[in-house]
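# Examining the three-dimensional arrangement
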Amino acid sequence: MKIYRANLIDTPTKDAFRIIEHGYLVVDDQGRVVGVYDQLPAEYTNQPVTDYGDKLLIPAFNDLHLHAPQYRNSGIAMDLELLPWLNTYTFPEESKFSDTHYAQRVYSRFVHDLWKNGTMRSAVFATIHPDATRILADLFLKAGMGAMVGQVGMDRNGPETLSNTTEEIVAGVRDLYAYLLKNGQDGLVRPIVTPRFVPSCTEGMMQALGDLAKELNLPVQSHLSENRGEITWVKELEPQSTCYGDAYNHYGLFGQQPTLMAHCCYTDGEEMELMKRNQVVVVHCPTSNCNLASGMAPIRMFMNEGIPVAIGSDISGGHDLSIPHVMQYVIQVSKLQYARTQGQLQFLSLNEAFYLATKAGGAFFGKVGSFEPGYEFDALVIDDADLNYDNYTLQQRLERFVYLGDDRQIKVRFCRGKELCEPVVY
Ligand code: GUN
Ligand code: FE
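Residues numbered from 1 in each chain as written. Chains lettered and ligands numbered in written order. Predicted model: local features only at pLDDT ≥ 70, side-chain atom pairs only at ≥ 80, totals over all residues. Heavy atoms only, no water.

### Looking at the pairing of strand β1 (residues 2-13)
By the criterion of burial, β1 is predominantly enclosed, with nine of the 12 residues buried. Two elements, β1 and strand β2 (residues 16-27), share nine bridges in a ladder whose sense is antiparallel. Residue Ile3 lies in a different strand from β2, and its bridge partner there is Val26. Counting the residues that bridge the hairpin from β1 to β2 gives two residues. As paired strands, β1 and strand β4 (residues 50-59) are joined by four bridges and run parallel to one another. By the bridge assignment, Leu8 is partnered in β4 with Leu57. (Buried < 20%, exposed > 50% of the residue type's maximum accessible area, 1.4 Å probe, protein only. Helix = DSSP H or I, 4+ residues; strand = E, 2+ residues; numbered from the N terminus. Pairing = 2+ DSSP bridges.)

What follows is the structure, encoded as structure tokens:
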């Protein structure tokens, strides 16, 4: 059992922060939250308390969509739209991950920087390469951080250097599954079935991946309705599909297993209905949507419809690994939508964006992202003394950390109850 004292802030519901000034948080030996209290209950008064003084204690961040092999391209190469961007910058960079030394170098920095920015759980695309994908999974395990790691399936419309066969991707996912069943620290690191997107996968590969997800009871991740040119292309490639989402649904890759679909900038009508019915998660990636000039996803509409929403950095379409920085874009893009629709789509509040970054995203990993009883204790200690030089309220201090802070204010990181030390960069 562990007891922590700090200013506690979380979002059990999206509608408001729960704030406990100088509160106590009790964690059991399994790393789960027992409860939060403004006074320490009598039964614990003889126990040692770790006192973080006037610091903030908040749930750690969850990133539900990003590409580890694109990490070297962060912050560069943003002068093209999606399809030429993939061909010109992204596919050549991902092709380098046939080299396991290169993979170790880039992936160790990637995992280190997730740790640095307080992202304790992530849903990650790797590449087609099974050895490099295993290296990435091992780095997460060594760091003690939660992840769903996807070896990517792609067997059409890519370069020769970045294509695999149905047999190869199925064998790769099976091997990773068997390996992580043994070594995955009770599901802390798990495989996720990852067809890149419809233009990259033939019917045979999609069918095999849908069948595999069902057989091994694995989640699924891919991209959906990100860019106008992409959507037109999918219509040409899959004329029998009634919408882009239907092209996944046909193969059991659209909510038959828990499913993440990144972007959804142009999702409406039938596709929205299907996502609602199948409870497919929209992963909103506004930094990427700005950088690649893709568009603006109607997040308020998804929330009103009861479609689950989480947020992602989408490295390297998105330039910034920091989830609080992505939250700024979540709110700002929602305000542009608000203006564009004459106020019909209400913009998101800070507590709503925080909820998406913590509890909503965390739900994909189990009971994660909140300080309610039974939740895994994933948390960050924030020392914002440099930003808090006057009488700011606790909510204002959190706001200033999100808008003006960065990794320098993050002093301690917990995942599943364990304090994590700095991962090695090779
Ligand atoms: N669609 C297919 N692949 C990708 C990718 O790597 N990044 C983004 N943003 N969209 C994609
Ligand atoms: Fe992506």
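### A closer look at the sheet that holds β4
Strand order in the open sheet formed by seven strands is β3-β2-β1-β4-β15-β16-β17, and the pairing between neighbours is mixed. Single-partner strands in this sheet number two, and they are β3 (33-37) and β17 (418-419).

### Overview of the coordination of the iron ion (ligand 2)
Taken together, the protein donors to the iron ion (ligand 2) comprise His65 (NE2), His67 (NE2), His223 (NE2) and Asp314 (OD), at separations of 2.0 to 2.3 Å. Classification of the site at the iron ion (ligand 2) as irregular follows from its four donor atoms and the range of 87 to 172 degrees in their angles at the metal. Written as a sequence motif, the donor arrangement for the iron ion (ligand 2) is H-x1-H-x155-H-x90-D. With a gap of 156 residues between them, His67 in strand β5 (residues 61-67) and His223 in strand β11 (residues 220-224) connect regions that are remote in the sequence. For the pair shown, His67 and His223 are each scored as buried. (Donors = N, O, S within 2.8 Å, 3.2 Å for Na, K, Ca; no water. Tetrahedral: all angles 85-135°; square planar, octahedral: opposite > 155°, others 65-115°.)

### Observations concerning unusual backbone geometry
Following Ile315, the chain continues into Ser316 via a peptide bond in cis, with omega recorded as 0 degrees. As for its position among the elements, Ser316 is in the loop between β14 (309-311) and α11 (323-340). Even without a glycine there, the phi angle at Asn217 is positive, about 55 degrees. Note on Asn217: relative accessible area 52%, which makes it exposed. Even without being glycine, Cys264 reaches a positive phi, approximately 55 degrees. Along the chain, Cys264 turns up in the loop between β12 (259-263) and α8 (269-278). A residue is classified by how much of its surface remains accessible, and Cys264, at 0% relative accessible area, is buried.

### Let's talk about the nonpolar core
Counting 109 residues, the largest nonpolar core has Tyr107, Phe110, Leu136, Phe140, Tyr248 and Met327 as its most contacted members. Contact partners of Phe140, with chain neighbours within four places excluded, come to Phe110, Val111, Leu114, Ser122, Val124, Met145, Gly146, Ala147, Val149 and Val189. (Core = buried A, V, L, I, M, F, W, Y, C linked by side-chain atoms within 4.5 Å. Contact = heavy atoms within 4.5 Å.)

### Let's talk about the environment of Glu271
Among the secondary structure elements, Glu271 is positioned in helix α8. A relative accessible area of 4% means that Glu271 is categorised as buried. Taking C-alpha positions, Glu271 is 8.7 Å from Thr242, a pair spaced 29 residues apart along the chain. Setting aside residues up to four positions removed in sequence, Glu271 forms contacts with Leu224, Ser225, Cys243, Tyr244 and Gly245. In terms of polar contacts, Glu271 uses its side chain to reach the side chain of Thr267, at 2.6 Å. (Polar contact = N/O pair within 3.5 Å; in protein donor to acceptor, adjacent residues only side chain to side chain.)

### Quick look at the pattern of salt bridges
According to the stated counting rule, one finds 17 salt bridges in the structure shown. The salt bridge partner of Asp51 is Arg5, with a shortest N-O separation of 3.1 Å. In this pair, Asp51 sits in strand β4 while Arg5 sits in strand β1, placing the two residues 46 residues apart along the sequence. One salt bridge connects Asp54 with Arg397, and the closest N-O pair in it is separated by 3.2 Å. (Salt bridge = Lys/Arg side-chain N within 4 Å of Asp/Glu carboxyl O.)

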